[in-house]
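Remarks on the overall topology
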Amino acid sequence: MYTYHREIITLLSILFSMMHFSFVKADGEILPPTIQKLMKGYNKYLRPFFDNGPVTVGMSLDIASIDTISEINMDYTATIFLRQRWTDERLCFEGNKSLSLDGRLVELLWVPDTFIVDSKKSFLHDITVENRLIRIYPNGTVLYALRITTTVACSMDLTKYPMDKQTCTLQLESWGYNINDVMFYWTRGNDSVRGLNTLRLAQYTVEDHYTSVSEAVYETGRYPKLIFHFDLKRNILYFILETYVPSILLVVLSWVSFWISQSSVPARICIGVTTVLTMTTLMMGARTSLPNANCFIKAIDVYLGICFSFIFGALLEYAIAHFCTLRLSNQKNSTQDMDDGDIDMNGSIAAVSSEANNQTQVTNREKKTNGWNNSAFLKAKKRLRCIFYCLQVENPHHIDNYSRLSFPLSFMVVNVLYWVYYLYF
């Protein structure tokens, strides 16, 4: 038992010796004398100017890339170079050259607790080492740079999609230090953010960008905030070629039926049904790229609805024209049958005529008896007859003639109103 305790004590003493040796090696060999002198008595848990007001932190950004802008998730993914500058009086040293340190030595220094407010997911690049830079100047100024890829939320208004303009932001705040401890500022104003002018985005063009300084108010206090705004304008050429032109061509194709004879029932029905189904497929394909839960009535939905209405109207036009043609032919056949009956049966017609006169007299007596000669009722009856006669089509072929002119003109007027409204209002 005694031997066992001696072995444990010996093992622990060896471990403590190794740890002491590693500390001495880290303090004596890895760190150069200048850094050792700076780190002597340095406490990284206390901010600079701990008792002399807040420390000011200047920031600047380089936008390396904006990879994706998602309307479904309402966010964008960007890779940025974040640079922060502040002065730490404890890190002043003699000389006229700055010290560039290994990024892993940031663990020995105090750094601001900056975070991206609307970030959904972020990570620091670590190939081949962590992409961090530390540079110390003789006057105690510290430059701290990071390479970060972040996915940031961006609230979008899609009511004018795809002719919309979106304004996204990148907000930087201090997590634990309020305005009494830390103050943020942009080092060069609007020029503090660079890289957007050289970006080439798939669907967007960066129109404008600017910076602002604000404060975030929470229950725990007021915290410094820096905001970077940038305006994105969607490129509509892709949607014109992909959606607008095909839908216009489908509407024009539905008008071809106006020049086809009404007796060609299969041909006109085939054109109408085919264009309706194709337009339905085009509408479903346009909606799959956007979320249904946003409850936005988008500009492209309005246009596709207009095109679908014109195509469906062309199909209904043939149904009405065909119905009027059948009704007119039935009336002609009945009139012809009555004429033949008059020629062959003169005596019968005379008898029927006398009987009809008798019935007319009886009917007139009943009307007088029952008060059907009311003037108001007669006026209403005349008006209904006029309306009925006006709605009757003497020649159903005129329906196609009117449609050949009315459909294109009305479609052009609706297009002018649509594009003027969504492009200029």
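Look a little higher up for the structure.
Residues numbered from 1 in each chain as written. Predicted model: local features only at pLDDT ≥ 70, side-chain atom pairs only at ≥ 80, totals over all residues. Heavy atoms only, no water.

Our focus in this paragraph is the overall build of the protein chain. Regarding its fold elements, the protein chain presents eight helices and twelve strands. A total of 425 residues make up the protein chain; the buried ones form 34% of that total. The long-range fraction of contacts in the protein chain, counting pairs at least 24 apart against all pairs at least 6 apart in sequence, stands at 77%. (Helix = DSSP H or I, 4+ residues; strand = E, 2+ residues; numbered from the N terminus. Buried < 20%, exposed > 50% of the residue type's maximum accessible area, 1.4 Å probe, protein only. Contact = heavy atoms within 4.5 Å.)

Once that is clear, we can look at helix H3 (residues 237-255). Every α-helical turn comprises 3.6 residues, leaving residues that sit three or four positions apart pointing alike. When the terminal C-alpha atoms of H3 are compared, their 26 Å separation across 19 residues agrees well with the 27 Å that a helix rising 1.5 Å per residue should span. Within the sequence span of H3, burial applies to Phe-239, Thr-243, Tyr-244, Ser-247, Leu-250, Val-251, Ser-254 and Trp-255. (Expected span 1.5 Å × (residues − 1).)

Turning our eyes to something else, we now look at empty space enclosed by the protein. All chains considered together, the criterion is met by three cavities of 30 Å³ or more. Counted as a void, the largest cavity has a volume near 60 Å³. Contributions of two or more residues to the lining of the largest cavity are made by strand S1 (55-70), strand S2 (75-87) and strand S12 (221-234). It is S2 that provides the largest number of residues to the lining of the largest cavity, a total of three residues. Partitioning the lining of the largest cavity into residue classes produces nine nonpolar, one polar and no charged. (1 Å grid on protein atoms, 1.4 Å probe; cavity = no way out; pocket = protein on both sides within 12 Å on 5 of 7 lines; lining within 4 Å. Points joined across faces, edges and corners; volume = space filled by probe spheres on them. Nonpolar A, V, L, I, M, F, W, Y, C, P; charged D, E, K, R; others polar.)

The subject of this paragraph is the pairing of S12. Among the 14 residues of S12, twelve are classified as buried, and the element is accordingly described as predominantly covered. The sheet contact formed by strand S8 (residues 165-174) and S12 spans nine bridges and is antiparallel. Pairing of Thr-167 across the sheet is with Asp-231, part of S12. Between strand S11 (residues 204-218) and S12, which pair antiparallel in sequence order, lie two residues. (Pairing = 2+ DSSP bridges.)

This part covers the nonpolar core. Counting residues in each nonpolar core, the largest one holds 76 residues, and the members touching the most others are Ile-66 and Tyr-76. It is helix H5 (residues 299-344) that provides the largest number of residues to this core, a total of ten residues. (Core = buried A, V, L, I, M, F, W, Y, C linked by side-chain atoms within 4.5 Å.)

Let's shift gears to helix H4 (residues 265-287). With 23 residues, H4 ought to run about 33 Å at 1.5 Å a step, and its terminal C-alpha atoms sit 33 Å apart, in line with that. For H4, every residue scored as buried is listed here: Arg-268, Ile-271, Gly-272, Thr-275, Val-276, Met-279, Leu-282, Met-283 and Ala-286.

It is worth spelling out the packing of H3 against helix H8 (residues 397-424) at this point. Two elements in contact, H3 and H8, have axes separated by 11 Å at closest approach and are oriented at 160 degrees. Judged by the angle between their axes, H3 and H8 are roughly antiparallel. For the pair H3 and H8, the sense of crossing is right-handed. Contacts between H3 and H8 involve Tyr-244, Ile-248, Val-251 and Trp-255 from the former and Phe-407, Pro-408, Phe-411, Tyr-418 and Trp-419 from the latter. Its residues assigned to classes, the contact of H3 with H8 shows nine nonpolar, no polar and no charged. (Axes fitted to C-alpha atoms, helices over the stretch in contact; angles between N-to-C directions. Parallel < 35°, antiparallel > 145°, perpendicular 65-115°, else oblique. Left-handed = near helix turned anticlockwise from the far one by under 90°.)

Moving on to the pairing of S2. In this sheet, S2 lies alongside S1 in antiparallel orientation, the contact comprising eleven bridges. Note that in S2 the partner of Ile-63 across the bridge is Ile-80. Hairpin connection of S1 to S2: four residues between the antiparallel strands, including Met-74 at a positive phi of 55 degrees. Taken together, the 13 bridges between S2 and strand S7 (residues 141-153) define a ladder with antiparallel strand orientation. Within S7, the position partnered with Leu-82 by the bridge is Leu-146.

Each neighbour pair has its own omega, and for Ile-127 with Thr-128 the value is 0 degrees, a cis peptide bond. When you line up the elements, Thr-128 lands in the loop between strand S5 (119-124) and strand S6 (132-136). For Phe-49, which is not glycine, the phi torsion reads 55 degrees and is therefore positive. Mapping Phe-49 onto the fold places it in the loop between helix H2 (33-39) and S1. Phi is positive for Met-74, close to 55 degrees, though the residue is something other than glycine. Note that Met-74 resides in the loop between S1 and S2. On the basis of relative accessible area, Met-74 is assigned to the buried category, the value being 17%.

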